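# Structural characterization, general
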Amino acid sequence: MRDVAIIGCGMTKFGRLEGKDLMDILVEASLKAIEDAGVRDKEFDAVYVGNMMAGELVHQTAIASALVDRIALFPAAADRVENGPASGASAVKNGFLAVASGLADLVLVAGGEKMTSADTDVITDLVSTMTHPTAEYLHGVTLPALAAMLTRLYMERYGLTERHLAMVAVKNHANGLKNPYAHIQRAITIEGAMGSQLIADPIRLYYTCPISDGAAALVLCSADEAKKYCDTPVRIAGVGQATDVQSVHEREDPAVLKSVRLAARKAFEMAKLEPKDIDVVELHDAFEILEIVQSEDCGFFEKGKGHIAVEEGVTALDGELPINPSGGLKARGHPVGATGVAQIVELVWQLRGEAGERQVKGARRALACNFGGFGNNTVIHILERMD
Amino acid sequence: MDQKLMGFRCKSCGRIMYPKHERCVSCKGMNMEEVELGNQCTLVTYTKLYTLPEGIEMPPLTLGIVDFGGVRAFGQIATDEPKIGMKLRPVWGKLRRLGDKDIYGFRFEPVESG
């Protein structure tokens, strides 16, 4: 296997993108990434597009072939990659494998989802179909319900309080305010969050991510070639993916995200790094509880202590280990197929020192965790600045 | 109706699973036998859901994970006052309406006498 680098990245603003359809935003993000890499006149060997539900939401299938058509990348190989809300990171992993194996020299990875044109009820139901068809879905489960049951376990075992969820939300909104690409650019208060509508007790509206449109894209090539295109390429130092049983009740311990633990372990082993080597992190806070639990199961904090780190400001933008400088899914938004790619776009900007007001000073190594299903399929990437 | 909530026991290693897997999640064994999960379970965690899925009329819908002494299940909890550790028992009935179909299954109701 050869080393793989990211030489270009781009994304659309996330939010309610009126007048732009799924293909428009995939095209926009892809062209930005191609321009950023300076490879406009080069031939791409492969294209991977992360997307969860274009067929269901916008009545379009085979979107990777459609993207190639719109931006004239023929005869590049093209595949749509679906892994629930981790479709984006799975697309990145496929791009990595294509370059690492030598099968491809220049690869475009894009991720996108157009969600705001559908009713919230329809989206909640479609997302619920990721759960076990008979043991969970038929009983009326929703993703907020699964997140709420995890929260309840954390409250019982580890002394987490609702206030901690509000603190994560306040932090991520503050970061989102500094991110021009974020869906929600508005500061919130602890009291405001704790006064918001109950969705699934103890989870309130402000402890969940919004429904968004958006796309993000990356250009990958071999690390040996990367310096030809880019002053500060970012190497994909580690990739880890792991699965777990589908039904949450069947997990060894329903308070442990085992797929996150195993994926993180694999990614760290491959990168020959440890959690203490990481400077900046993007986690999958579709619900604020998940940022806390993932921060522990990735190995950054002891089990049951993630909320203490939030309390102490460790995960704030100016803390020892900033988590979700982009605003996370909470504020940047969560167009599901785009999220895993957007996390990596943010981290590439952070490692290049191009993240503006939300720049984590001197960041050299970063980790992104993209969470599929309700934690039964997690993809983690570790990135490192090359210079 | 004399319905029992059934789990699946791997004949190779003895692990009981719910729901069914074609291969045992512990040993990959493929011979399963149905076993009753029993009449008593305890509540492990729960939520009261206010944003309801299709076919549920009145909020909140209480949902939870229950434990039958090692093997767990998920479902509707027939009380508005759930408490972790409370004793429950599975009861067959209509769970929700989905499309044009009534969905039947087990929900878990509190065992009356404390």
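Remember, predicted model here, so these are calculated numbers, not experimental data.

### Here's the deal with the overall build of chain B
Looking only at helices and strands, chain B has zero helices and eight strands in total. Of the regular secondary structure in chain B, the N- to C-terminal order runs β-β-β-β-β-β-β-β. With the C-alpha coordinates of chain B rotated into their principal frame, the extents come out at 45 × 40 × 25 Å. The buried share among the 114 residues of chain B stands at 44%. For chain B, long-range pairs separated by at least 24 residues make up 41% of all intrachain contacts whose partners lie at least 6 apart in sequence. Total accessible area on chain B is roughly 6200 Å²; 44% of this is exposed by carbon and sulfur atoms. Computing the positive centroid from 17 side-chain charges and the negative centroid from 14, chain B places the two 7 Å apart.

### Some details on empty space enclosed by the protein
Residues and elements named next belong to chain A. Throughout the structure, instances matching the rule amount to one cavity of 30 Å³ or more. A volume near 40 Å³ is recorded for the largest cavity. If you go around the largest cavity, the residues you meet are Met 130, Thr 131, Glu 136, Leu 146, Gln 246, Val 248, Arg 251, Gly 373, Phe 374 and Asn 376. Taken together, the residues of the lining of the largest cavity sort by class into four nonpolar, four polar and two charged.

### Let's talk about the sheet that holds strand β11 (residues 377–385) of chain A
Residue and element names in this part refer to chain A. Pairing is mixed across the open sheet formed by nine strands, whose spatial order is β3-β2-β4-β7-β1-β8-β11-β10-β9. The sheet is open, and its two borders are formed by β3 (77–81) and β9 (280–282), each paired with just one other strand. Direction aside, the axes of adjacent strands within the sheet are offset by 25° on average. Two elements, strand β8 (residues 234–243) and β11, share nine bridges in a ladder whose sense is antiparallel. The residue of β11 that forms the bridge with Val 239 is His 381.

### Describing the nonpolar core
All names here are of chain A. Ile 289, Leu 367 and Phe 374 are the most contacted members of the largest nonpolar core, which totals 74 residues. Of all the elements, helix α6 (residues 143–158) adds the most residues to this core, at nine residues. Within the second largest apolar cluster, 40 residues are counted, among which are Tyr 48, Val 234, Ala 355 and Val 360.

### What to know about the environment of Val 111 of chain B
Along the chain, Val 111 of chain B turns up in the segment after β8 (101–110). Excluding residues that lie within four positions of it along the chain, Val 111 of chain B makes contacts with Lys 87, Leu 88 and Arg 89 of chain B.

### Concerning the side chain of Arg 251 of chain A
Within the secondary structure, Arg 251 of chain A sits in the loop between β8 and α10 (258–271). Reaching out from Arg 251 of chain A, the side chain makes a polar contact with the backbone oxygen of Val 245 of chain A at a distance of 2.9 Å. One polar contact links the side chain of Arg 251 of chain A to the main-chain carbonyl oxygen of Phe 374 of chain A, over a distance of 3.1 Å. Ignoring sequence-local partners within four residues, the contact set of Arg 251 of chain A consists of Asp 244, Val 245, Gln 246, Phe 374, Gly 375 and Asn 376 of chain A together with Arg 72 of chain B.

### Remarks on the layout of surface pockets
All names here are of chain A. Its volume calculated, the largest pocket comes out at about 850 Å³. Listed by contribution, the elements that provide at least two residues to the lining of the largest pocket are α5 (120–128) and α6. For the lining of the largest pocket, the element with the highest residue contribution is α5, accounting for seven residues.

### Description of the interface of chain A and chain B
Opposite the 29 residues of chain A that make contact, chain B presents 30 residues. Taken together, both faces of the contact between chain A and chain B bury some 2500 Å²; the carbon and sulfur share is 61%. Viewed at the interface, chain B and chain A are joined by zero salt bridges. In this structure, the connection of chain A to chain B is made through twelve residue pairs in polar contact (both at pLDDT 80 or more). At the level of elements, α6 and β5 (198–201) of chain A are the ones that each hand at least two residues to the side of chain A that touches chain B. Here the side of chain A that touches chain B gets six residues from one element, more than from any other, and that element is α6 of chain A. In terms of residue class, the side of chain A that touches chain B is made up of 14 nonpolar, seven polar and eight charged.

Criteria and cut-off values
- Just so you know, the residues in each chain are numbered from 1, in the order the chain's sequence is written.
- Naming scheme: in the order in which they are written, chains are lettered from A and ligands are numbered from 1.
- Predicted model: local features are reported for residues with pLDDT of at least 70 only, side-chain atom pairs are reported and counted for 80 or more only, and whole-chain, interface and lining totals are derived from all residues.
- The side-chain quantities take in all heavy atoms of the structure and omit both hydrogens and water.
- The secondary structure listing takes helices from DSSP runs of H or I that are at least 4 residues long and strands from runs of E that are at least 2 residues long, numbered from the N terminus.
- Only protein chains enter the accessibility calculation, which uses a 1.4 Å probe; a residue whose area is less than 20% of its type maximum is buried, one above 50% is exposed, and one in between is partly exposed.
- Any pair of residues with heavy atoms lying within 4.5 Å of one another is described as a contacting pair.
- Each accessible area is a Shrake-Rupley result for a 1.4 Å probe, and residues are judged covered by the shown protein chains and nothing else.
- In this tally, Lys and Arg are treated as positive and Asp and Glu as negative; His is ignored, and so are the chain termini.
- Every charge is mapped onto a representative atom, which is NZ of Lys, CZ of Arg, CG of Asp or CD of Glu.
- Site definitions follow a grid-based scheme: protein atoms alone, a 1 Å grid, a 1.4 Å probe that fits but cannot get out for cavities, and for pockets an open set with protein on both sides within 12 Å along at least five of seven lines, plus lining residues having an atom within 4 Å of a point.
- Grid points are joined across faces, edges and corners, and a volume is the space filled by probe spheres set on the points.
- All amino acids are sorted into three groups, where Ala, Val, Leu, Ile, Met, Phe, Trp, Tyr, Cys and Pro are nonpolar, Asp, Glu, Lys and Arg are charged, and the leftover types, Gly among them, are polar.
- Here the rule is simple: two strands pair whenever DSSP picks up at least two bridges between them.
- Note on method: axes are straight lines fitted to C-alpha atoms, helices fitted across the in-contact stretch only, with angles between N-to-C directions ranging 0 to 180 degrees.
- Here the nonpolar core consists of buried residues drawn from Ala, Val, Leu, Ile, Met, Phe, Trp, Tyr and Cys, with membership extended through side-chain atoms lying within 4.5 Å.
- By the criterion applied in these results, polar contacts are pairs of N or O atoms within 3.5 Å in which, for protein atoms, one can donate a hydrogen and the other can accept it, and in which residues neighboring in sequence qualify only through two side-chain atoms.
- Values labelled buried area give the accessible surface lost by two parts on being combined, using a 1.4 Å probe and summing over both.
- Salt bridges are defined as contacts in which a side-chain nitrogen from Lys or Arg sits within 4 Å of a carboxyl oxygen from Asp or Glu.

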